[in-house]
Amino acid sequence: MSEASEGAEVPGGGAAPAGGQADGDGGGPGAGASTTEPVNAAGSAGSAGPAGSAGFGGRELAPGVPMLASAVAVISLLVGALLVAMSLTGHAFSPWQTSGPLSPGLIGAAMLGVTPGLFAIGRARVWEEVRTLVLPLAVVLLGLLAVSLLHADKLQAAKGGSLVLVLFSLGWVAVLGLLGLSTVVCLARQYATSAPLFRERTAPLPGWSKPFLALLGSAWCGIGAGLLAVPGFWAAFVPWDVTRPDAQALGVWAVSLGTGVLGALAEDDLARTRPALLALPGVAVALAVVLGVRAADVDWASGPGLSLITMVGGLLLAGLVGRRLLSRHPLPRP
């Protein structure tokens, strides 16, 4: 009777006798299964739950960042398509005075190409997965706003162009101002959130890719910084005619692309570059289409022309190879 009473204490949480342990070890409904399984289930639920990013590793993504990315994606899709279409048909459609259809067409192509990556930000849960695209996005929005304000006297609205161009230039500055302010607010709130312990790198970059990424990112950042700082001199390294606002706007995009590539190198983890890996080949393909259609405007035999081919090809190669490597890793998701 005493052994039976001791055995009956097991479901109530008492210490299990040797017989109860033997039942648990044998896979039956013994005390071992009832006392350990709920604990494991709770632990796994806690690590995957919405406290969320702490278990996954990384800083939780602020709600404003995906909203901003989606808004910019929609605007980029519409405006980029307009600029590309006008360029491909031979029309110089730009918010400021431009030398021809190629420069605004390339700006539009970059806007179109980055759109898939911006939409992908909405599927992320931690900041570290998207910052290689969001930080370059901030460079573009704030940089283009600065260029537009710096050359306010060259805007179509100031020069009195056609009504459509005047309205487009006014809308361009207004939308950039709103998006630029939203970007600053979103980044401030993002970095104000707590930063839990970050997870270890799950898919490090292969060693052979790092010199290539360093060279590619430095090339884009270098030409972009030159066009921004000294456009009168560095415009000679652009293999087609550009105005000063064109040169600096192209410089903003070049710095942004270089920042994204170097950011991926610094992250050293393919899992943290998913949106950026969508944007890189998209930008490269869109640029190639515009350059191909407007090929007569480009001095391909010059050094800058050959460098341009290499740099755009490098973006395409980096994006495609990165996505190929990423597909080979079973990566954790939040």
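Residues numbered from 1 in each chain as written. Predicted model: local features only at pLDDT ≥ 70, side-chain atom pairs only at ≥ 80, totals over all residues. Heavy atoms only, no water.

Engineer: Just to check I follow, could you spell out the overall build of the protein chain for this structure?
Structural biologist: Secondary structure summary: the protein chain contains 14 helices and zero strands in total. Helices and strands in the protein chain line up, N terminus first, as α-α-α-α-α-α-α-α-α-α-α-α-α-α. (Helix = DSSP H or I, 4+ residues; strand = E, 2+ residues; numbered from the N terminus.)

Engineer: What is the right way to look at the packing of aromatic side chains in this model?
Structural biologist: Given two aromatic rings, their pairing is described by the distance between the two centres and the angle made by the two planes. Following the criterion strictly, the structure yields seven aromatic pairs and no others. Relative to W172, the ring of F168 has its centre 5.9 Å away and its plane inclined at 50 degrees; by these criteria the two rings are tilted. Remark: W172 and F168 occur in helix 9 (residues 163-192); sequence separation between them is four residues, near one turn of the helix. What makes F168 buried here is its relative accessible area of 13%. Their ring planes at 35 degrees and their centres at 4.9 Å tell us that W234 and F237 sit as a pair that is tilted. (Phe/Tyr/Trp six-rings, centres within 6.5 Å; stacked < 30°, edge-to-face > 60°. Buried < 20%, exposed > 50% of the residue type's maximum accessible area, 1.4 Å probe, protein only.)

Engineer: Looking at this model, I keep getting lost on the side chain of Q190. Mind explaining?
Structural biologist: Examined against the element boundaries, Q190 turns out to sit in helix 9. Those residues within four positions of Q190 in sequence are excluded, and the remaining contacts are R59, E60, L61, A62, V65 and W127. (Contact = heavy atoms within 4.5 Å.)

Engineer: Can you walk me through the confidence of the model for the protein chain in this structure?
Structural biologist: Predicted coordinates in areas of low pLDDT are best not read in detail. In this model, the protein chain carries a mean pLDDT of 84, and residues with pLDDT of at least 70 account for 80%. When the criterion is pLDDT under 50, residues 1-56 qualifies, and its contacts beyond four places in sequence or with other chains add up to 30 contacts. (pLDDT = per-residue confidence, 0-100.)

Engineer: Got a minute to help me understand the packing of helix 10 (residues 209-229) against helix 12 (residues 244-267) in this structure?
Structural biologist: Where helix 10 contacts helix 12, the axes come no closer than 7 Å and their chain directions differ by 155 degrees. Compared by their axis directions, helix 10 and helix 12 come out roughly antiparallel. As for how helix 10 packs across helix 12, the hand of that crossing is left-handed. (Axes fitted to C-alpha atoms, helices over the stretch in contact; angles between N-to-C directions. Parallel < 35°, antiparallel > 145°, perpendicular 65-115°, else oblique. Left-handed = near helix turned anticlockwise from the far one by under 90°.)

Engineer: It is not clear to me how the layout of surface pockets should be interpreted in this structure. Could you clarify?
Structural biologist: Where empty space is left in the structure can be found by rolling a water-sized probe over the atoms. Of the pockets and cavities examined, the largest pocket occupies roughly 430 Å³. Breaking the lining of the largest pocket down by element, the ones donating at least two residues are helix 6 (102-120), helix 10, helix 12, helix 13 (274-293) and helix 14 (303-327). Tallying contributions element by element places helix 14 first for the lining of the largest pocket, with five residues. The class makeup of the residues in the lining of the largest pocket is 22 nonpolar, one polar and no charged. (1 Å grid on protein atoms, 1.4 Å probe; cavity = no way out; pocket = protein on both sides within 12 Å on 5 of 7 lines; lining within 4 Å. Points joined across faces, edges and corners; volume = space filled by probe spheres on them. Nonpolar A, V, L, I, M, F, W, Y, C, P; charged D, E, K, R; others polar.)

Engineer: Help me understand the environment of D153 in this model?
Structural biologist: Tracing the chain through its elements places D153 in the loop between helix 7 (131-150) and helix 8 (156-159). A sequence separation of 56 residues divides D153 from Q97, and the C-alpha atoms of the two residues are 9.7 Å apart.

Engineer: How should empty space enclosed by the protein be read in this particular structure?
Structural biologist: Evaluated as defined, the whole model comprises two cavities of 30 Å³ or more. There is about 190 Å³ of room inside the largest cavity. Taken together, 15 residues make up the lining of the largest cavity; nearest its centre are V114, L133, P136, S256 and L257. Mapped onto the lining of the largest cavity, the elements with two or more residues apiece are helix 7, helix 12 and helix 13. Class assignment of the residues belonging to the lining of the largest cavity gives a composition of 12 nonpolar, three polar and no charged.

Engineer: I'm lost on the pattern of salt bridges in this one. Help?
Structural biologist: Side chains that differ in charge, positive against negative, can pair when their charged atoms come close. Throughout the structure, instances matching the rule amount to seven salt bridges. The closest approach of N and O atoms between R274 and E129, which form a salt bridge, is 2.2 Å. Of this pair, R274 sits in helix 13 while E129 sits in the loop between helix 6 and helix 7; the two residues are 145 residues apart in sequence, bridging distant segments of the chain. Each member of the pair, R274 together with E129, is buried. (Salt bridge = Lys/Arg side-chain N within 4 Å of Asp/Glu carboxyl O.)

Engineer: I tried to follow unusual backbone geometry on my own but got confused; where do I start?
Structural biologist: Glycine aside, residues mostly have negative phi angles, and peptide bonds mostly take the trans form. Even without being glycine, D268 reaches a positive phi, approximately 55 degrees. Examined against the element boundaries, D268 turns out to sit in the loop between helix 12 and helix 13. D268 sits in the buried class, given a relative accessible area of 17%.

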